[in-house]
Amino acid sequence: PVLTRFGMQRHPQFGTMVFRRGIEIEAHEGQAVRAVESGEVAYADWYKGFGKLMILDHGNGFYSLYGNLSRLDLAKGERVARGQVIGLAGETGSLKGSKLYFEIRRNG
């Protein structure tokens, strides 16, 4: 299930409007996370606010981001196939337990 959606939303605790660039998906600790498309690992390390983060470069300005991972299975520069396991879900960088942060970016 999708826990938080993309776009402008009212923060449930503070009532302020926030823009979410990605979604959060329910994921159990240790659940396999797979690449949505083939590409190359552009980033694979800890990143403040995202925990263990993997960014895949799919070419033509498209990137996918996978955050809150408990384990990163690939390193920067490695090639990845569509559907390949890239890491495991977790709660690194999360204040609300295990989940997957997912985002698609185009040209930044």
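Structure: see above.
Residues numbered from 1 in each chain as written. Predicted model: local features only at pLDDT ≥ 70, side-chain atom pairs only at ≥ 80, totals over all residues. Heavy atoms only, no water.

**Considering the overall build of the protein chain**
Thinking step 1. Looking only at helices and strands, the protein chain has 0 helices and 11 strands in total.
Thinking step 2. Reading the helices (α) and strands (β) of the protein chain from amino to carboxyl end gives β-β-β-β-β-β-β-β-β-β-β.
Thinking step 3. In terms of overall dimensions, the protein chain has C-alpha extents of about 40 × 30 × 25 Å along its principal axes.
Thinking step 4. Expressed as a percentage of the 108 residues in the protein chain, the buried residues total 36%.
Thinking step 5. Sequence-distant contacts in the protein chain: of pairs separated by 6 or more residues, those separated by 24 or more amount to 53%.
Thinking step 6. Approximately 6,600 Å² of the protein chain is accessible, and the part contributed by carbon and sulfur atoms is 52%.
Thinking step 7. Once the 15 positive and 11 negative side-chain charges of the protein chain are each reduced to a mean point, those two points are 7 Å apart. (Helix = DSSP H or I, 4+ residues; strand = E, 2+ residues; numbered from the N terminus. Buried < 20%, exposed > 50% of the residue type's maximum accessible area, 1.4 Å probe, protein only. Contact = heavy atoms within 4.5 Å. Areas by Shrake-Rupley, 256 points an atom, 1.4 Å probe, with all protein chains shown as cover. Lys, Arg positive; Asp, Glu negative; His and termini not counted. Charge placed at Lys NZ, Arg CZ, Asp CG, Glu CD.)

**What to know about the side chain of Asn-68**
Thinking step 1. With respect to the helices, strands and loops of the structure, Asn-68 is situated in strand S8 (residues 62-72).
Thinking step 2. Separated by 2.7 Å, the side chain of Asn-68 and the backbone oxygen of Thr-92 make a polar contact. (Polar contact = N/O pair within 3.5 Å; in protein donor to acceptor, adjacent residues only side chain to side chain.)

**A look at the nonpolar core**
Thinking step 1. Formed by 14 residues in total, the largest nonpolar core has its most connected members in Val-33, Met-54, Leu-56, Tyr-66 and Ile-86.
Thinking step 2. Contributing elements (two or more residues each) for this core: strand S7 (51-59), S8, strand S10 (85-89) and strand S11 (99-106).
Thinking step 3. If sequence neighbours within four positions are ignored, Ile-86 has contacts with Val-33, Ala-35, Met-54, Leu-56, Tyr-66, Arg-71, Leu-72, Asp-73, Leu-74 and Val-80.
Thinking step 4. In this structure, Phe-50, Leu-53, Ile-55 and Tyr-101 belong to the second largest nonpolar core, which totals 5 residues. (Core = buried A, V, L, I, M, F, W, Y, C linked by side-chain atoms within 4.5 Å.)

**Thoughts on unusual backbone geometry**
Across residues other than glycine, the phi torsion is negative in most instances, and most of the peptide bonds are trans.
Thinking step 1. One non-glycine residue, Asn-60, lies in positive phi territory at about 55°.
Thinking step 2. As for its position among the elements, Asn-60 is in the loop between S7 and S8.

**Here we look at the packing of aromatic side chains**
Each aromatic ring pair is described using two quantities: the centre-to-centre distance and the angle formed by the ring planes.
Thinking step 1. Within the structure shown, the criterion is met by 4 aromatic pairs.
Thinking step 2. Taking the centre distance of 5.9 Å and the plane angle of 90° together, the rings of Tyr-43 and Tyr-47 count as edge-to-face.
Thinking step 3. Look at Tyr-43 and you get partly exposed, because its relative accessible area is 25%.
Thinking step 4. The structure contains a cluster of three or more aromatic residues connected by ring pairs, namely Tyr-43, Tyr-47, Phe-50 and Tyr-101. (Phe/Tyr/Trp six-rings, centres within 6.5 Å; stacked < 30°, edge-to-face > 60°.)

**Things to note about the pattern of salt bridges**
Thinking step 1. Counted by the stated rule, this structure contains 3 salt bridges.
Thinking step 2. Glu-103 is the salt-bridge partner of Arg-105, the closest N and O atoms lying 2.4 Å from each other.
Thinking step 3. Here Arg-105 falls in the partly exposed class, since its relative accessible area comes to 29%. (Salt bridge = Lys/Arg side-chain N within 4 Å of Asp/Glu carboxyl O.)

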